[in-house]
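Observations on the model geometry
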Amino acid sequence: MSARTVPILPCPESAAIAFTPSASGHPLEAPQITNISPTTQKHLRIAASHLHASRLVAFPTETVYGLGANTLDPTATAKVYALKGRPSDNPLIVHVSSLRMLRSLIPQDQQQISDVYLALIDSFWPGPLTLLFPARNPPRPPPAPQTIGIRLPSHPLARALITEADLPISAPSANSSGRPSPTSAAHVFADLGRKGAEPVLGSRGEVLDETRMLGCILDAGPCDVGVESTVVDGTQWSTDPTGTRLLKVLRPGGVGVEQIEKVVAAVDDKLGFLGTDRTKVWVYGRDPPMDSSASKASAPVIHSPRPQSTASSITSQPEIHNPSTPGMKYKHYSPSIPVYLLYPTNTFPANPLQHSTAANPDKPEEVWKHIADQLVAARADSTTANTQSPRTLRFGLMAFNDSPLSSALRTPANDARTVTYMCGEGTVEITTEIKSLGRTEEDAARALFRDMLAFEGSPAISTRVEADAPEALAESTSSQSRSHTESAIAASPGVDAIIIEACSEKGVGLAVMERVNKAVGGGGTGEGLGIRGTSGQQKRFWVDTGM
């Protein structure tokens, strides 16, 4: 092969992996693997060997593919930051396979899990929910939060890997920092397959690890949820009559806020908390900031008020200097091409863009022309300006099945999805390709990152898929003994702009809209992760769908 690449280890029948609950105590106290295919077992052993050797392993969870490192190994976790290009103050979420492993990560004097956390664990673990706990060994000194985010994933292969390695695994999304999250092994390989295969070098350029930084990619197909876990901070929740009962949703994700509220309300009912004694649920970036030191009497009642709009709330997020969880400070999920967000009138009958003075929504063709004007102007300013006439642009639209918005673009006038506009001093021809977001918010979550990456395009890549990887680590890293097959990822041309139809913020829809808004460029304060060519221009539109 002309270049080193990270091997992809197929894990067939991963959905059939089974676990036996603990015989005593909580069912998740120390569950064990009871059913697994021989090939998957073999590849898990290789992956576990890499983790114990301070290497990284990419693996699927139910949310997105994670880039895993041994949480207890500072050398390994440092490689996560290096390979991703991740800011050093952006914390990592730890994945565990049992409550026993969880307790090994929190202080000895704080082993008692609160009533509200136990209720959330019983309801959503294994699953896409991360809970903040006091950290036994905080990753950073004060004033950084002395907490650690922990979750028990529901993907059978993720649980099996953690159980096989018998290690807590720190695992952010397996992609370069700021990029859309990967939901397949091919996404991981396209982003990190070559970079992760390079030898690990020391400060003087010496080779510290000839094998590679990223040991392998475990492939169990596409992820089910498609957006990251919901992160909840309940460290300020107490049953003390004089204490605070506050739950903070720091990042919306695969578990909806409404689901969390329902569980919390049941806990309050069971414990007899009434009126102002009931637990407040605060959603970061959506609800008014709350002073955690305020007394209960003066604290505002903020039990999940819904914002007037995502668009208006994204500009008022508090500045975060020491984030306690990923997604609070830095911009994420941004392709290398501009992303635009459309609020269709059938879902948003009132103008959701509070900063906009427009009394009436734009027609779809007006929005297309406005975006084309921006892109043509940016292209004209570029050193690679396209001088061909007519100029051409390709748009990628992500819209819901049979939505009025996508129907409006399939009228007889533009049946071929190609239209020509006057733009600047000439004409521009726009071809629009439509990908489906499905019918529900859950469908949209699964499609979001996948189709962003598809529209962005990629060069052709040759991958190495292990056909019968040997069990021993020495054999798995020897080119003489390695058995593999070649698989090509075909080149796919990218579009010039990605345009996404907004959805309601119910359930996982809140997480979808949070990710889309960050991709558009409205969230976060990270530097170097912006979208090229359209900074400061209008990228959200209220669109008339005729309904």
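A brief report on the enclosed structure follows. Residue numbers restart at each chain and count upward from 1, following the sequence in its written direction. Reporting of local features is limited, given that this is a predicted model, to residues whose pLDDT is at least 70; pairs of side-chain atoms are given and counted only at 80 or more, and all residues count toward the totals for whole chains, interfaces and linings. Heavy atoms from the whole structure form the basis of all side-chain values; hydrogens and water molecules are not counted.

Think of it this way: a Phe, Tyr or Trp ring, Trp meaning its six-membered ring, pairs with another when their centres are within 6.5 Å, and the plane angle makes it stacked under 30 degrees, edge-to-face over 60, tilted otherwise. Taken as a whole and assessed by the stated rule, the structure comprises five aromatic pairs. Look at Tyr343 and Phe348: their rings are 4.9 Å apart centre to centre, the planes differ by 85 degrees, and that puts the pair in the edge-to-face class. As far as burial versus exposure is concerned, Tyr343 and Phe348 are alike and both buried. Relative to Phe395, the ring of Trp368 has its centre 6.0 Å away and its plane inclined at 65 degrees; by these criteria the two rings are edge-to-face. Placement of the pair is Trp368 in helix 9 (residues 364-381) and Phe395 in strand 17 (residues 391-399), with a sequence separation of 27 residues. Three exposure classes are used, based on accessible area relative to the maximum for each residue type with a 1.4 Å probe and protein chains only: buried under 20%, partly exposed in between, and exposed over 50%. Assessed through its relative accessible area of 2%, Trp368 is described here as buried. Note on geometry: a ring has a charge over it if NZ (lysine) or CZ (arginine) is within 6 Å of the ring centre and within 35 degrees of the ring normal. Just above the ring of Phe19 sits the side chain of Arg159; from NZ or CZ to the centre is 4.0 Å. Numbering of helices and strands runs from the N terminus; a helix is a DSSP stretch of H or I covering at least four residues, while a strand is a stretch of E covering at least two.

Our next topic: helix 4 (residues 115-124). Every buried residue of helix 4 is accounted for by Val116, Tyr117, Ala119, Leu120, Ile121 and Phe124. In this analysis, two residues are considered to be in contact whenever any of their non-hydrogen atoms come within 4.5 Å of each other. Each element contacted by the buried residues of helix 4 is listed here: helix 3 (99-103), strand 7 (129-134), strand 13 (230-233), strand 14 (246-251) and helix 7 (257-271).

One speaks of a salt bridge when a side-chain nitrogen belonging to Lys or Arg is within 4 Å of a carboxyl oxygen belonging to Asp or Glu. In total, this model carries 15 salt bridges according to the counting rule given. Of the charged contacts in the structure, one is a salt bridge between Arg245 and Asp277, with a shortest N-O distance of 3.8 Å. Highlighted residues: Arg245 in the loop between strand 13 and strand 14 and Asp277 in the loop between helix 7 and strand 15 (280-283), separated in sequence by 32 residues. Note on Arg245: relative accessible area 5%, which makes it buried. Here Glu433 and Arg394 are joined by a salt bridge, their closest N and O atoms 3.4 Å apart. Of this pair, Glu433 sits in strand 19 (residues 426-436) while Arg394 sits in strand 17, and the two are 39 residues apart along the sequence. Judged by its relative accessible area of 31%, Glu433 is partly exposed. Salt bridges sharing partners connect three or more residues here, namely Glu228, Glu514, Arg515 and Lys518.

As a further point, take the nonpolar core. Leu120, Trp125, Leu218 and Ile260 are the most contacted members of the largest nonpolar core, which totals 66 residues. With sequence-adjacent residues up to four places away left out, Leu120 is seen in contact with Trp125, Leu129, Leu131, Val232, Leu247, Ile260 and Val263. To define a nonpolar core, start from buried Ala, Val, Leu, Ile, Met, Phe, Trp, Tyr and Cys residues and group those joined through side-chain atoms within 4.5 Å. The next biggest cluster of nonpolar side chains, apart from the first, holds 32 residues, and it includes Ile337, Phe400, Phe449 and Val512.

Before going further, it helps to spend a moment on the packing of helix 1 (residues 38-52) against helix 5 (residues 156-165). Describing two packed helices takes the angle between their axes plus the distance from one axis to the other. Angles shown run from 0 to 180 degrees and are taken between the N-to-C directions of axes, each axis being a line fitted to C-alpha atoms and, for helices, limited to the stretch in contact. With their axes 9 Å apart at the nearest point, helix 1 and helix 5 run at an angle of 55 degrees to one another. Comparing their axes, helix 5 and helix 1 come out oblique. Regarding helix 1 and helix 5, the two cross each other, and that crossing is right-handed. Together, Thr40, Gln41, Leu44, Arg45, Ala47, Ala48, Leu51 and His52 of helix 1 and Leu157, Ala160, Leu161, Glu164 and Ala165 of helix 5 make up the contact between the two elements. Of the residues belonging to the contact of helix 1 with helix 5, the class tally is eight nonpolar, three polar and two charged. If an angle is under 35 degrees, it is roughly parallel; if it is over 145, roughly antiparallel; if it lies from 65 to 115, roughly perpendicular; otherwise it is oblique. By convention the crossing between two helices is left-handed if the near helix lies anticlockwise of the far one by an angle smaller than a right angle, and right-handed if it lies clockwise. For this classification, Asp, Glu, Lys and Arg are treated as charged, while Ala, Val, Leu, Ile, Met, Phe, Trp, Tyr, Cys and Pro are nonpolar and the rest, including Gly, are polar.

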